[in-house]
Structures are given as C-alpha cells and as structure tokens.
Amino acid sequence: MMPCNMNNNRAGRSCSCGRPAPQPRSCGCSNGTDFRSRGNCENLRGGRPACPENQARLMEQIQQCEFICVDINLYLDTHPDDKRALSDYNCYAEQLRALKDMYVKNYGPLQNFGNSTSEGEWKWVSQPFPWSQNCGCGMEDK
Amino acid sequence: MWIYEKKLIYPVKNLRPNARMAKLIAMLLGGPNGEMTASTTYLNQRYCMPVGCVQATLTDIGTEELSHVEMLSVMLKMLLNGCSKDELRAAGMDGWAAEFGDCPFPANWNRESWTAAYVGTTGDPIANIANDMAAEEKARAGYEGVIRMCDDPDTIGALQFLREREIVHYQRFGEALQILYNYYDSKKCF
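Residues numbered from 1 in each chain as written. Chains lettered and ligands numbered in written order. Predicted model: local features only at pLDDT ≥ 70, side-chain atom pairs only at ≥ 80, totals over all residues. Heavy atoms only, no water.

- An unreviewed UniProt entry lists chain B under the name Manganese catalase family protein, with Guopingia tenuis given as the organism.
- According to the UniProt record, the Sequence similarities (unreviewed entry) comment for chain B is "Belongs to the manganese catalase family." (UniProt positions renumbered as here; feature names shortened; annotations may be inferred.)

Here it is in structure tokens:
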C-alpha cells in the first residue's frame, strides 16, 4: 500500500487527490521511506519499503509503481472524464517520480537525453543495462 | 520522440539455458502476431486517427509493446546464453546460434525474418482498430500456446504477464472502436 502524498520526499509538493498525507516511516536504513504506510491509492500488494541501500528492491518497487501508472494511463486514454482514475493516476505518478529520484540519486541515470542526472561520473555506461551479465537477472550464475 | 529507460517493464530473472523455449519465444517476438508487429502497427496507425483518445491509446499501447519487445529480447538472450551445441542442434536452433549467437533477432521460430507485410495498417481508422483487436487476441492465443509448452515457472510468470497485457489492450481497443463510432455518428458538416 502506498501513501498518496509524497511531500516527505519532495518538499512543498503534494498530489492532487486531497487525501491526508501519511507520516513517513523509516524502513530501517539511513534514508529510506516506507511507502506501505496508510495509503488510499492502494494497489501494491506485498510492497516492501523503498530503500536506497538495496538497488534491486528499489528497482522492483519502481517496476510495480510504474506498472500501475501504465495500466491507469491506458484506462484514462479511453475514459478521460473519470476523475477518480485521474486522481489515482496523479497520485501514483508522484510516487513514481519520488522513487525514481531516489534511484537516480543513489545509483545513476535511469533515462537518457537529459531526463536523468549523473552525479560525479557518467554512470549511464557503468550501471548495467537490463541484459548485462551483472544486472542481477541471474545470468552471471550460469 | 522516445526516451529510453534503463529497466524492464517486468523483472525477468533466472532463466536457464533452454534452446527449445528460445525457439518459441522467437515467434512471440518476431512472428506474424508477435510484439514487433504489434508495436510497429500501432505506432504507424496513430497518424490517421481523427480523435485524441484513439491517438493516445495507439501511442501508449504501441509504446508498451516496445517494452514487450525488449522483455522478450532479454528472455531470448537468457535462454540462448550458455546452451550447449547438442541442445541447440536438438532444438533446431544451431543455425540461429551460428548466425546470431545469443543475440535476439526478429524472426519466427523457423528463422523466417520479420517482415513489414505483417503490419496491419490501412488508411481507415475503423478497419485499423478492428485489426488491432484481432491482433491482441491472436497474440493472447500465441502466449497461451507457448505457456502450455513451458515447464519453467520463471518463464511462465513472464509469459503470463505478457498474456494478461494482451487482454487489457483488447479491452482498450474495443473502447477506442466505440469512441470512433461515436465520433463518426456525431460528426456534423456545414
């Protein structure tokens, strides 16, 4: 379950759904945030805390959150007047942005062409692509 | 334009070398009803659509299909990576491996290359969306056929995800078709 207000991560920002903002809860790491607490836009079953100390887990959470966004996006394309779906979309889009910000800050760019920054060095070439031997997909074990 | 994002739409993990399964996955990628065909068709059809809802639907589903192309390509690579000569020969994939190694290539299981003749685009919006609904059902049937031939739970999980997406896309295209009918019914010329 995910909260629908991310202003603990992005000061001054809140999503447009008007639901109460949850208090951030630590996941045990130094600066992670538990997105499971008290959400109304809840769809993530078995969601684990977003935690920058575990790249694979954070990536999995991004994939879950983005999948929700993809699915609501397609629904909105043919139901553009559904305000509840729109509110959910905006809510999850905010959460997705916060998760991706956390990932980019800790591990390197997710997107090319100026849509992500790369701190210190050009990590676009050093962080693995999804088909790389060291991407965590299990190919390195063969 | 498109922006690449360095991740898969679904976490494909731990696929063991399996030349027979690679052969079937190749069909889902580069066969007549594969993801290459779907993404190319939908993204082509966008340009002749008269309403924003349908332009958006084709743009977004076409983009999602590109992520499915990537997912199947990674699966194909994982399944071919580390296959023995004997396995490749037994599956009839030795020719593929000789030519492409473990690199994915848009071709059918019998190495029939993907062709633009598969692309179901006409200049007629209604015909296009009707084609897309059929394409999604054919793709769903294709996934079910491959899942029936599959024993590995990780491969089945990924294929089930893709199969379910075809069902959602079919639903959205059905709604898009109704939107087109409404548009033509209400269009007034003065």
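Now that the structure has been shown, the text picks up again.
## A short note on the UniProt feature "binding site: Ca(2+)" (unreviewed entry) in chain B
1) Next: According to UniProt, the feature "binding site: Ca(2+)" (unreviewed entry) maps to D60 of chain B in the numbering used here.
2) Next: By secondary structure assignment, the location of D60 of chain B is in helix α3 (residues 52-80).
3) Next: Among residues more than four places away in sequence, those in contact with D60 of chain B are N73, L74 and D77 of chain A.
4) Next: At 3.0 Å, the side chain of D60 of chain B forms a polar contact with the side chain of N73 of chain A. (Helix = DSSP H or I, 4+ residues; strand = E, 2+ residues; numbered from the N terminus. Contact = heavy atoms within 4.5 Å. Polar contact = N/O pair within 3.5 Å; in protein donor to acceptor, adjacent residues only side chain to side chain.)

## What to know about the environment of I62 of chain A
1) Next: Mapped onto the fold, I62 of chain A is located in helix α1 (residues 55-78).
2) Next: For the pair I62 of chain A and R97 of chain A, spaced 35 residues apart in sequence, the C-alpha to C-alpha distance is 9.0 Å.
3) Next: Excluding its chain neighbours within four sequence positions, the residues that come into contact with I62 of chain A are L96, L99, K100, Y103 and L110 of chain A together with K7 of chain B.

## Some remarks on the confidence of the model for chain A
All names here are of chain A.
1) Next: Taken as a whole, chain A shows an average pLDDT of 74; of its residues, 60% reach a score of 70 or greater.
2) Next: Note on residues 1-14: pLDDT is under 50 here. Beyond four places in sequence and across chains, it has 54 contacts.
3) Next: Low confidence marks residues 43-47, where pLDDT is under 50. Its contacts with residues over four positions away, or in another chain, come to 10 contacts. (pLDDT = per-residue confidence, 0-100.)

## Regarding the UniProt feature "binding site: Mn(2+)" (unreviewed entry) in chain B
All names here are of chain B.
1) Next: Those places that UniProt annotates as "binding site: Mn(2+)" (unreviewed entry) correspond, in this numbering, to E35, E65, H68, E136 and H169. In summary, the annotated positions, though distributed over 135 residues, converge in three dimensions, the widest C-alpha pair being only 13.1 Å.
2) Next: Here E35 is to be found in helix α2 (residues 35-45).
3) Next: Here E35 falls in the buried class, since its relative accessible area comes to 2%.
4) Next: Within the element layout of this structure, H68 appears in helix α3.
5) Next: Apart from the residues within four sequence positions on either side, H68 is in contact with I9, E35, F161, L162, R165 and H169. (Buried < 20%, exposed > 50% of the residue type's maximum accessible area, 1.4 Å probe, protein only.)

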